[in-house]
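Overview (structure and organization)
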Amino acid sequence: MNGVSNGHSPAALQWKVGLVNYANKYLTAETFGFKVNVTGAALKKKQTWTLEQDLNEEVVYIKSHLGKYLSSDKYGNITCDAGDDEFDATAKFVIEYATDGSGKWHFRNVQHGNYLGGTDENLKCFAKTPTNAEQWTVQLSIHPQVHLRNVNRRRYAHLSNDEIQCTEVTPWGQDALIILEFVDGKYALKTCDNRYLHKNGHLVDNLDNDSLFALAVKSGQHSGLAFQDSEGRYLTAVGSTASMKGRNKTITKDELFTIEDSHPQIILIAYTGKKVSTKQGVDITANQDEETDNETFQAEYVKSREKWAFKTIHNKYWTFDQVTSGVQDKSSEIKAECLFDLEWQGDGSIALKACNGLYIFNKQTGCLLAQSTTITDKEKFKVKIVNRPLLVLKSEHGFVGQKTSTNLEYCCNRATYNIIFMEPSPEGGSYRFKGTNGKYWSLTSDNTVNPNSDSPVDFILEFQPESKLTIKAPNGNFLKGEQNGLFRALAEDQTSATLWEY
């Protein structure tokens, strides 16, 4: 995840990126021998680097996927074999930005004053003045659907009143979803309704140069990411509405942002058709017909315990009550009583087991109690994901997208993605997907996904740990992606299905 603290400076940040040179090749750390070159054709594991910011200095450290730091000697020779306890001042780099508005970066070694550059096997840090060979394009190595948090205001960006405003204490619902779209070495900020942020703060339907922003990072006491517009101004949160727009040509705390993963936010529908809600007070009950923030819950996977926690709009977690066996909205932190086993039932519904080892069931009154030893209809809750109206899928082979503008069949090894429009079924538990042509996904005779249906076709999503999900197709098989790009419904079970980042 981007925007997390590093080992040297606990309050500083680290960013996973790909570094692309003037020949459109990626900086690559080979798996064996700690060798570094600039030969990568796409951003994959070996081409992923972590820029670690320093809390005390305006410098960064460049760390490979193997956990080793890039450094240079006085002759410009590059090594990448020092671990966390071994690197020294030769691993410190200052970032400088091209003055031509291209958004390119230069990395200057602090110890020797030389610039990093080169191509193929000839990577050096020897140039005293940066040329094209020392220019780098920085591409974030993240899933592009994120939450943006303004460092100064400590508030999250969200769509409001035809603007992006940094006013949410907790990013909630689809309006808080920001898509970072990488275009020609810069980034566009897209909202959940498929519009782009213009440098003047307006939202526009079509992308142009005034809706593209170059990335910059700032280390030191206040660390973060900044977005520079075509006039050299940085996005900030302006005025009482905290509207995002380009204003200042210098980076202060107000121009800095951090990026956070976007957890799935869901609505749970009981067998009675009622939605689970916090509207009635501290007790979590399934007794509402409407869908508001009170009926929306954020599902967070707790890796250390291999269980799930559910956050409410009140920034608290579902908590099992030992006395009543009920579920309450009362804990401000995740503890043992807040952890649940989540078991998919194969039909778009889940069963939840509390810390007492019993399943939650829904009484006719709407009360939720963890008292069941078996799963019947009363223990099943249909799941409806509400914060992914636009879906971007990514596998270990690349992004999911249509093969070409004329061949609309999907493949799963693209360097760029196509937006997938996702519609939940009215009854919940399944979803319909639309391609860029406005038609629904369906399966061809060889079970390849193709957007060629005029009528909705239901697929089932089952979210998994660490921001991944599996997709069950109408033929009962799961979608599977292969290295050659094939994207077909061939996996008979979850163990052979592809886990898709979303």
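Rules used throughout
- Residues numbered from 1 in each chain as written.
- Predicted model: local features only at pLDDT ≥ 70, side-chain atom pairs only at ≥ 80, totals over all residues.
- Heavy atoms only, no water.
- UniProt positions renumbered as here; feature names shortened; annotations may be inferred.
- Helix = DSSP H or I, 4+ residues; strand = E, 2+ residues; numbered from the N terminus.
- Polar contact = N/O pair within 3.5 Å; in protein donor to acceptor, adjacent residues only side chain to side chain.
- Domains from an automatic or database assignment.
- Buried area = accessible area lost by both parts, 1.4 Å probe.
- Salt bridge = Lys/Arg side-chain N within 4 Å of Asp/Glu carboxyl O.

Attention shifts here to the UniProt feature "domain: Fascin-like" (unreviewed entry) in the protein. The UniProt entry lists residues 23–138, 147–259, 273–383 and 409–502 under the feature "domain: Fascin-like" (unreviewed entry), expressed in the numbering used here. Secondary structure content for residues 23–138 is 0% helix and 43% strand, and the end C-alpha separation is 14 Å. Between the C-alpha atoms that bound residues 409–502 there is a distance of 20 Å. The span itself is 0% helix and 47% strand.

Within the fold, D446 resides in the loop between β43 (440–443) and β44 (449–453). Along the sequence, D446 and R488 sit 42 residues apart, while their C-alpha atoms lie 7.8 Å from each other. Of the polar contacts made by the side chain of D446, one reaches the side chain of T444; its length is 2.5 Å. Among the polar contacts made by the side chain of D446, one reaches the side chain of T448 at a distance of 2.9 Å.

Taken as a whole, the protein is organised into domain 1 (14–140), domain 2 (145–261), domain 3 (265–385) and domain 4 (390–501). Taking only C-alpha atoms, the centre of domain 1 and the centre of domain 2 are 26 Å apart. Summed over both sides, the interface between domain 1 and domain 2 buries roughly 1,500 Å², with carbon and sulfur atoms accounting for 59% of that surface. When the buried surface of domain 1 facing domain 2 is broken down by residue, W15, Q53 and L140 rank first, second and third, together holding 36% of it. Counting every contact that joins domain 1 to domain 2 gives 1 salt bridge. Of the charged contacts in the structure, one is a salt bridge between E58 and K218, with a shortest N-O distance of 3.0 Å. Run the count over domain 1 and domain 2 and you get 11 residue pairs in polar contact (both at pLDDT 80 or more). The set of elements that each furnish at least two residues to the side of domain 1 that touches domain 2 consists of β8 (93–97) and β12 (137–140). Ranked by residues supplied to the side of domain 1 that touches domain 2, first place goes to β12 with 4 residues.

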